[in-house]
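# Examination of the molecular architecture
Residue strings, one per chain:
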Amino acid sequence: MSERVPGFSTLAIHAGAQPDPSTGARATPIYQTTSFVFDDVDHAASLFGLQAFGNIYTRIGNPTTAVLEERVAALEGGTAALAVASGHSAQLLAFHAVMQPGDNIVAANKLYGGSINQLNHSFKNFGWEVKWADPDDLNSFEAAIDENTKAIFIESLANPGGIVTDMSSISALAKAKRIPLIVDNTMATPYLCRPIEHGADIVVHSLTKFIGGHGNSMGGIIVDGGSFDWSADDRFPMLSQPRPEYQGIVLHETFGNFAFAIACRVLGLRDLGPAISPFNAFMILTGLETLPLRMQRHCDNAKKVALHLAGHDKVSWVSYAGLPDDKHHSLQQKYMPKGAGAVFTFGVQGGYDAGVRLVSNTDLFSHLANIGDTRSLIIHPASTTHRQLSDDQKTVAGAGPDVVRVSIGLEDVEDIIADLDQALAND
Ligand SMILES: *Cc1c(COP(=O)(O)O)cnc(C)c1O
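Keep in mind that this is a model prediction, so the values were computed, not measured.

Let's shift gears to the overall build of the protein. Secondary structure summary: the protein contains 17 helices and 14 strands in total. By principal-axis analysis of the C-alpha atoms, the protein measures approximately 70 × 55 × 40 Å. Expressed as a percentage of the 427 residues in the protein, the buried residues total 55%. A fraction of 71% describes how many contacts in the protein between residues 6 or more apart in sequence connect residues 24 or more apart. Here the protein displays about 17500 Å² of accessible surface, and carbon together with sulfur accounts for 53% of that area. When the 30 positive and 46 negative side-chain charges of the protein are each reduced to one mean point, those points stand 0 Å apart.

This is how it looks when you write it as structure tokens:
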């Protein structure tokens, strides 16, 4: 083997995988088994004691899933990764490793709607608070941080409004305050943006979206950037204090720059349990092989559609960071110059009723609540995902009555544009 560092497309196909040692199978096999036979009693003891790496039980690890983990870690430039059942469970386990009751997360207020619910409501049951900050105003992050802040949480490219977050500035603040920066990179994917290079300590993904890419499998992943010093003080006891169930091992001392990924696996995943199925790991691995090709086409199509809509007389505004006059265009050029992703919002003339008619009139677009499929997707948030909010709350959340969100797929862009045109003309 040469010493060349493989490029992104090569890693997307090869990282973590090798021909199956027992059969020669070239594609990664689906190890559809719950458990693995020990060599002998000593081997079992060393696996359970974290003295040796190996397979015990699929809730904690699986060889198909391990290839996915190694591959995403390589693509993100992290030290290790842990794949789990969904994007939301990746967030849960990442926070579980750093939070104690009474601690808080400072989070961007423009996040995927499900993440806002998770932080606002469900995490309260663990005694975890959230303090919201504005991704367009760095000072609001600084103002929200207090001595119980154990994580800063942002999206690199925020769903749905096409907001690009100034990661380096937030990372500088996080480093000054010694707080880990956790970045949800779902909408950008490592093809467009690698948050660890901009100072993120941990990256999380919903693999359900562009990484799997075909709208057929749920998954999530946590990538350890390996950069955070968990034992500089006693604020992160899961990583810096002896673990009673593992003979007093201190995870950070034992596992160094991948201790966070280990903590998420041997404490969070072991005890909370949201394991990904080996079949889903296989489906997502298959999707991942074409990520660079798909993502570039998603972005190219989305930009053409956004430009077309910006000039359409039934469209009042388009929010897409890839448009030269967009508020976030210069940040997009800095953090994700290859493209601004595939998801954006626009406003239809005629408000709520026009939005409802548009999603009803499309043929090629599927009317549903997802993003990151090969297919083009459309939704009117005010009548669906955000319908329980008041009108004011809807507008603050970027889901006002006229807002339509699209996730542009991989079809011929002329067909995508023609479908929107006919649906708008039928209004
Ligand atoms: C979908 C999504 C999630 C949640 O992921 P699931 O796989 O649906 O649990 C989190 N963040 C973003 C940005 C998403 O788009």
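From this point, the discussion proceeds with the structure in view.
Considered domain by domain, the protein is made up of domain 1 (8-287) and domain 2 (292-425). At the interface, 33 residues of domain 1 touch 32 residues of domain 2. Interface of domain 1 and domain 2: buried area, both sides summed, is about 2700 Å²; carbon and sulfur atoms make up 61% of it. The three residues of domain 1 that bury the most area against domain 2 are Tyr-191, Leu-192 and Phe-210, which together make up 28% of that side's buried surface. Applying the counting rule to domain 1 against domain 2 returns one salt bridge. One salt bridge connects Lys-327 with Asp-136, and the closest N-O pair in it is separated by 3.3 Å. Summed over the shared surface of domain 1 and domain 2, the number is 12 residue pairs in polar contact (both at pLDDT 80 or more). Of all the secondary structure elements, the ones that give two or more residues to the side of domain 1 that touches domain 2 are α1 (8-14), β6 (163-164), α7 (167-177) and α8 (189-192). When grouped by side-chain class, the residues that make up the side of domain 1 that touches domain 2 number 14 nonpolar, 15 polar and four charged.

Moving on: the site of the ligand. Neighbouring the ligand are 15 residues, the closest being Gly-87, Asp-184, Ser-206, Thr-208 and Lys-209. One nitrogen or oxygen atom from the main chain of Gly-87 is found 2.9 Å from an oxygen atom belonging to the ligand. In isolation the ligand offers 380 Å² of accessible surface; the protein chains occlude 94% of this area. At three residues, the largest contribution of residues to the shell around the ligand is made by helix α4 (residues 87-96). When its residues are assigned to classes, the shell around the ligand shows three nonpolar, nine polar and three charged.

Right, let's talk about the packing of α4 against helix α11 (residues 259-272) for a bit. As a packed pair, α4 and α11 sit with axes 9 Å apart at the nearest point and diverge in direction by 110°. In terms of orientation, α4 and α11 fall into the roughly perpendicular class. α4 and α11 meet at a crossing whose hand is right-handed. Every residue of α11 that contacts α4 at Leu-92, Leu-93, Ala-94 and His-96 is listed here: Phe-260, Cys-264, Leu-267, Gly-268, Leu-269 and Leu-272.

Turning next to helix α13 (residues 291-310). For α13, with 20 residues, the first-to-last C-alpha span of 28 Å sits near the 28 Å given by 1.5 Å per residue. Listed as buried for α13 are Leu-291, Pro-292, Arg-294, Met-295, His-298, Cys-299, Asn-301, Ala-302, Val-305, Ala-306 and Leu-309.

Positionally, Gln-118 belongs in helix α5 (residues 113-120). In terms of polar contacts, Gln-118 uses its side chain to reach the side chain of Gln-91, at 2.7 Å. Leave out the neighbours within four places in its chain, and Gln-118 touches His-88, Gln-91, Leu-92 and Phe-123.

Attention now goes to the packing of aromatic side chains. In total, this model carries 16 aromatic pairs according to the counting rule given. Between Phe-228 and Phe-236, the ring centres sit 5.5 Å apart and the planes meet at 85°, which makes this aromatic pair edge-to-face. A single burial state applies to Phe-228 and to Phe-236, both of which are buried. Geometrically, the ring pair formed by Trp-230 and Phe-236 is edge-to-face, given 5.3 Å between the ring centres and 80° between the ring planes. In this pair, the class of Trp-230 matches that of Phe-236, namely buried. By the ring-pair criterion, three or more aromatic residues cluster together here, those being Phe-95, Phe-123, Phe-126, Trp-128 and Phe-153. Sitting over the face of the ring of Phe-236, Lys-150 holds its NZ or CZ atom 6.0 Å from the ring centroid. Positioned above the aromatic ring of Tyr-112, the side-chain terminus of Lys-209 is 4.6 Å from the ring centre.

Rules used throughout
Residues numbered from 1 in each chain as written. Predicted model: local features only at pLDDT ≥ 70, side-chain atom pairs only at ≥ 80, totals over all residues. Heavy atoms only, no water. Helix = DSSP H or I, 4+ residues; strand = E, 2+ residues; numbered from the N terminus. Buried < 20%, exposed > 50% of the residue type's maximum accessible area, 1.4 Å probe, protein only. Contact = heavy atoms within 4.5 Å. Areas by Shrake-Rupley, 256 points an atom, 1.4 Å probe, with all protein chains shown as cover. Lys, Arg positive; Asp, Glu negative; His and termini not counted. Charge placed at Lys NZ, Arg CZ, Asp CG, Glu CD. Domains from an automatic or database assignment. Buried area = accessible area lost by both parts, 1.4 Å probe. Salt bridge = Lys/Arg side-chain N within 4 Å of Asp/Glu carboxyl O. Polar contact = N/O pair within 3.5 Å; in protein donor to acceptor, adjacent residues only side chain to side chain. Nonpolar A, V, L, I, M, F, W, Y, C, P; charged D, E, K, R; others polar. Near = heavy atom within 4 Å. Axes fitted to C-alpha atoms, helices over the stretch in contact; angles between N-to-C directions. Parallel < 35°, antiparallel > 145°, perpendicular 65-115°, else oblique. Left-handed = near helix turned anticlockwise from the far one by under 90°. Expected span 1.5 Å × (residues − 1). Phe/Tyr/Trp six-rings, centres within 6.5 Å; stacked < 30°, edge-to-face > 60°. Lys NZ or Arg CZ within 6 Å of the ring centre and 35° of its normal.

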